[in-house]
Structure formats: structure tokens, C-alpha cells
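# Coordinate inspection notes
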Amino acid sequence: MEVVTHAGSETVEAVEGVHLTQLAVGERASVQHFHIEPGAVVPEHDHEHEQVGYVTGGTGVFLVEGETLSVGPGDSYVLRSNEPHSVENRGDDPLEGIDVFAPPRADPDWME
């Protein structure tokens, strides 16, 4: 077993106001923490990985296939492989949570 702590992991600002921390990476899945400041936007993108997430704080708005979907504390979501999506924090508090990617997203584009 391997334990990966948040404190021992590097956090990067992928785009302005969007802080991502790559946590545990296994053979079939990986875990990432996100912290999105109020007003910040993750631009539309897609990736081969299925993305399953859980919101721990704040609120966010996803735009997926022309549909606006709101998420808040206690909500979970699934983004299919190669499904274009973006997310905005339109609230007053940081949007925080955990994403799990399968297959693992061990070397995401934002780390380059």
C-alpha cells in the first residue's frame, strides 16, 4: 500500500484561480484534489479518462453538451470519456472536491 498526503503533494495553478493537486496514482485510477477560486473558469476540454467527482465545498456550474448543471457540497458527478466539459465557480466561496480518473491521469497536460 502507498499513502499519498495532500501536504506532501505538489499543487499547481492549472489556469488562473484553478489549483489542482495530483494525489494517489494506481494502475487503474488516479485521485486529484481541486480548489477553484470564486470567479475562476476551467475552459472547455475533454480527455480519454472517465472522471468521477465529489464536491466537498462551494458551488460550481458545469457546462456539458450545452446543458448547465449545478453542483454543491455532497454532490457527485460522472463525466464520460472524451465528453467536452467546462466548469465555473460563480459563487462566493472556493469550490473544492476530489476527482477520480480512470484510466489513471498520472501526467495530465496541466503538469507540463
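Cut-off values and rules
- Residues numbered from 1 in each chain as written.
- Predicted model: local features only at pLDDT ≥ 70, side-chain atom pairs only at ≥ 80, totals over all residues.
- Heavy atoms only, no water.
- Pairing = 2+ DSSP bridges.
- Helix = DSSP H or I, 4+ residues; strand = E, 2+ residues; numbered from the N terminus.
- Axes fitted to C-alpha atoms, helices over the stretch in contact; angles between N-to-C directions.
- Buried < 20%, exposed > 50% of the residue type's maximum accessible area, 1.4 Å probe, protein only.

## Let's talk about the sheet that holds strand E3 (residues 30–36)
Spatial strand order, E1-E2-E3-E10-E5-E8: six strands in an open sheet with antiparallel pairing. The open sheet is flanked by strand E1 (11–15) and strand E8 (76–79), the only strands paired with a single partner. Across the sheet, the mean angle separating the axes of adjacent strands is 25° when strand polarity is ignored. As judged from the seven bridges shared by E3 and strand E10 (residues 95–102), these two strands associate in the antiparallel manner. Bridge pairing in E10 links Ser30 to Phe101.

## With respect to the pairing of E8
Alternating residues of E8 divide into Tyr77 and Leu79, all buried, and Ser76 and Val78, none buried. Note that strand E5 (residues 50–57) and E8 share four bridges and pair antiparallel. Across the sheet, Gln51 pairs through a bridge with Leu79, a residue of E8.

## Section: the sheet that holds strand E4 (residues 41–45)
Read across the open sheet, the four strands follow the order E4-E9-E6-E7; overall the sheet is antiparallel. For this open sheet the edge positions go to E4 and strand E7 (67–71), each flanked by a neighbour on one side alone. Across this sheet, the average inter-strand angle for adjacent strands is 20°, counted without regard to direction. In terms of strand pairing, E4 meets strand E9 (residues 85–88) through three bridges, oriented antiparallel. Following the sheet pairing, Val41 is matched in E9 by Glu88.

Fair warning: the whole summary comes from geometry, so function is off the table for now.
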